[in-house]
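Report on the structure
Chain by chain, the residues run as shown.
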Amino acid sequence: MPTDVEKVVPTATVSESGIEFPTPQANTPGMPVATSQLNPECQSNVNVTLENNADNPISDPERILEILSQLSELEECNLPKEEGWLHRYDITNGESGSHEYLAHLPGESASCDLQLLLKNENGKIIPLRLFDMVDSTSVGFFAAMNADGELLSSAKEPDPVCNLSNGAKTIGTGTTPYFTGYFVDEYQRRFQLLKMNPAGLGNGGIAGRFIEENGNQYFILQMYADNLNDTNTKLSLSSGEEVSLKTEKNLYWFDLKTERNLRSLTEYTTIDGQMIRRESEHQLEFYAILPTNLAEALQIIEANKQ
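Residues numbered from 1 in each chain as written. Predicted model: local features only at pLDDT ≥ 70, side-chain atom pairs only at ≥ 80, totals over all residues. Heavy atoms only, no water.

1. Some points on the nonpolar core
- Counting 22 residues, the largest nonpolar core has L68, Y187, F219 and L221 as the members making the most contacts within it.
- At the level of secondary structure, the elements contributing two or more residues to this core comprise α1 (61-78), α3 (180-196), β10 (205-213), β11 (216-225) and β13 (242-255).
- In this structure, F219 is in contact with I67, L68, L71, G208, R209, F210, Y252, W253, F254 and L256, ignoring residues within four places of it in sequence. (Core = buried A, V, L, I, M, F, W, Y, C linked by side-chain atoms within 4.5 Å. Buried < 20%, exposed > 50% of the residue type's maximum accessible area, 1.4 Å probe, protein only. Helix = DSSP H or I, 4+ residues; strand = E, 2+ residues; numbered from the N terminus. Contact = heavy atoms within 4.5 Å.)

Structure follows, in structure tokens:
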């Protein structure tokens, strides 16, 4: 299925070790400054090997999956243990992304009992999809609305699952939260596909490496494919235009303090030589009490609960 991305002009400086992203202003509407959540009792088990750099990357699938699993465990450990709200959104190519994600933590474990997909329309927060199991562990409530506030569907869901790692698979929000647990599942699948078709990425592949910048350490996961023209892969731009792709490169930066995926880069080359690039910072806020705009959006869609 074609992916909808913007065709953009690069605005960040790319170096061998990483990307310099523009810093958002704290007073920009709809763009709060993210703060890391760190639990001093959580300790990383990742064996950081700085010799595994860009010239000597890790290519063994088992080692990469082991690192991602260790990152996921520490990320879960660092999630707040008190009741509250996790708000996730992206800053893409220097601008606030169009979709945001909200989850309620009951304060008992790294789980949730409510998830909400939101649309950010020029700073106005619009609720799109809700999954709510706050009042029951055996039955959940699902609702979907359009951007005009019209209810599209609502239903009770038996045996509900609210999963921070892969909410898109469990509640159908239509968005991936991009917690590290998602990468474990996704790259297990990708490595399995490569076992069945070793030439699936052509001269590309999947690799990982460690870097150190300004006293901070990061794990970088990269996937590169250079034979997309053989599979006639297409990409849908926001303009509605479709282009045929020649190469695709994805890079993800994981902070080894929080184990969170902080930033990502997706870069495509088309058959006719165009470059399409998307750079994102992945923000995560924790609130004990919801800000007014998020609380109002939740109330709008919750009004449809029976």
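2. Comments concerning the pattern of salt bridges
- Applying the stated criterion across every chain yields a total of 10 salt bridges.
- The shortest N-O distance in the salt bridge between K305 and D132 comes to 2.8 Å. Taken as a pair, K305 in the segment after α5 (292-302) and D132 in strand β7 (residues 124-132) lie far apart in primary sequence, 173 residues in all.
- Owing to a relative accessible area of 30%, K305 belongs among the partly exposed residues under this scheme.
- Note on D132: relative accessible area 5%, which makes it buried.
- For K305, the salt bridge identified is with D135, shortest N-O distance 4.0 Å. Placement of K305 in the segment after α5 and of D135 in the loop between β7 and β8 (139-145) is noted, with a sequence separation of 170 residues between them.
- Bridged by salt links that share partners, the residues K249, E267, R277 and E279 form one connected network. (Salt bridge = Lys/Arg side-chain N within 4 Å of Asp/Glu carboxyl O.)

3. Observations concerning the packing of aromatic side chains
- For the structure shown, the criterion picks out 7 aromatic pairs.
- Residues Y182 and F183 carry aromatic rings whose centres are separated by 5.5 Å and whose planes lie at 80 degrees to one another, so their mutual orientation is edge-to-face. Each member of the pair, Y182 together with F183, is buried.
- An aromatic cluster is defined as three or more aromatic residues linked by ring pairs; in this entry it consists of Y182, F183, Y187, F191, F210, F219, Y252 and F254.
- Lying across the ring of Y187, R190 places its NZ or CZ 5.2 Å from the centre.
- The ring of Y218 carries R263 above its face, with NZ or CZ at 5.8 Å from the centroid. (Phe/Tyr/Trp six-rings, centres within 6.5 Å; stacked < 30°, edge-to-face > 60°. Lys NZ or Arg CZ within 6 Å of the ring centre and 35° of its normal.)

4. Section: the state of the cysteines
- A full pass over the atoms with the stated rule returns 2 disulfides.
- Bridging C42 to C77, the disulfide has an S-S length of 1.9 Å. Residues C42 and C77 are joined by a disulfide whose S-S torsion is about -85 degrees; by sign, that bridge is left-handed. With a gap of 35 residues between them, C42 in the loop between β3 (19-20) and α1 and C77 in helix α1 connect regions that are remote in the sequence. (Disulfide = S-S within 2.5 Å.)

5. A look at the pairing of β13
- Counting buried residues along β13, 10 of its 14 residues qualify, which places the element largely inside the surrounding structure.
- Where β13 and strand β14 (residues 261-270) come together, 9 bridges link them in antiparallel fashion. Along β14, the bridge assignment pairs T247 with T269.
- Where β13 folds back on β14, the antiparallel hairpin that results is connected by 5 residues, among which E259 adopts a positive phi of roughly 70 degrees. (Pairing = 2+ DSSP bridges.)

6. Section: the confidence of the model for the protein chain
- The predicted model of the protein chain has a mean per-residue pLDDT of 79, with 78% of residues at 70 or higher.
- Element-level pLDDT for the protein chain is lowest in strand β2 (residues 13-14), with a mean of 34, against a maximum mean of 94 in β10.
- Segment residues 1-36 is flagged for pLDDT under 50; beyond a separation of four residues in sequence, or across chains, it makes 83 contacts in the model. (pLDDT = per-residue confidence, 0-100.)

7. Quick look at the packing of α1 against α3
- Taken N-terminus to C-terminus, the directions of α1 and α3 make an angle of 165 degrees; their axes are 8 Å apart at the nearest point. Relative to α3, the element α1 lies roughly antiparallel. Helix-helix and strand crossings are classified by hand; for α1 and α3 the assignment is left-handed. Within the contact between the two elements, α1 uses P61, I64, L65, L68, S69, L71, S72 and E75 and α3 uses T180, G181, F183, V184, Y187, Q188 and F191.
- In terms of residue class, the contact of α1 with α3 is made up of 9 nonpolar, 5 polar and 1 charged. (Axes fitted to C-alpha atoms, helices over the stretch in contact; angles between N-to-C directions. Parallel < 35°, antiparallel > 145°, perpendicular 65-115°, else oblique. Left-handed = near helix turned anticlockwise from the far one by under 90°. Nonpolar A, V, L, I, M, F, W, Y, C, P; charged D, E, K, R; others polar.)

8. Quick word on the environment of V134
- Looking at the secondary structure, you find V134 in the loop between β7 and β8.
- Residue V134 is classed as partly exposed on the basis of its relative accessible area, which comes to 40%.
- Considering only alpha carbons, one finds V134 and D113, 21 residues apart in sequence, at a separation of 5.2 Å.
- Residues in contact with V134, not counting those within four places in the same chain, are D113 and L114.

9. Topic: unusual backbone geometry
- Positive phi is not limited to glycine here, since N93 has a value of about 50 degrees.
- Its place among the elements puts N93 in the loop between β4 (84-92) and β5 (95-105).
- Its identity is not glycine, yet E259 carries a phi of approximately 70 degrees, on the positive side.
- Mapping E259 onto the fold places it in the loop between β13 and β14.
- A relative accessible area of 0% places E259 in the buried class.

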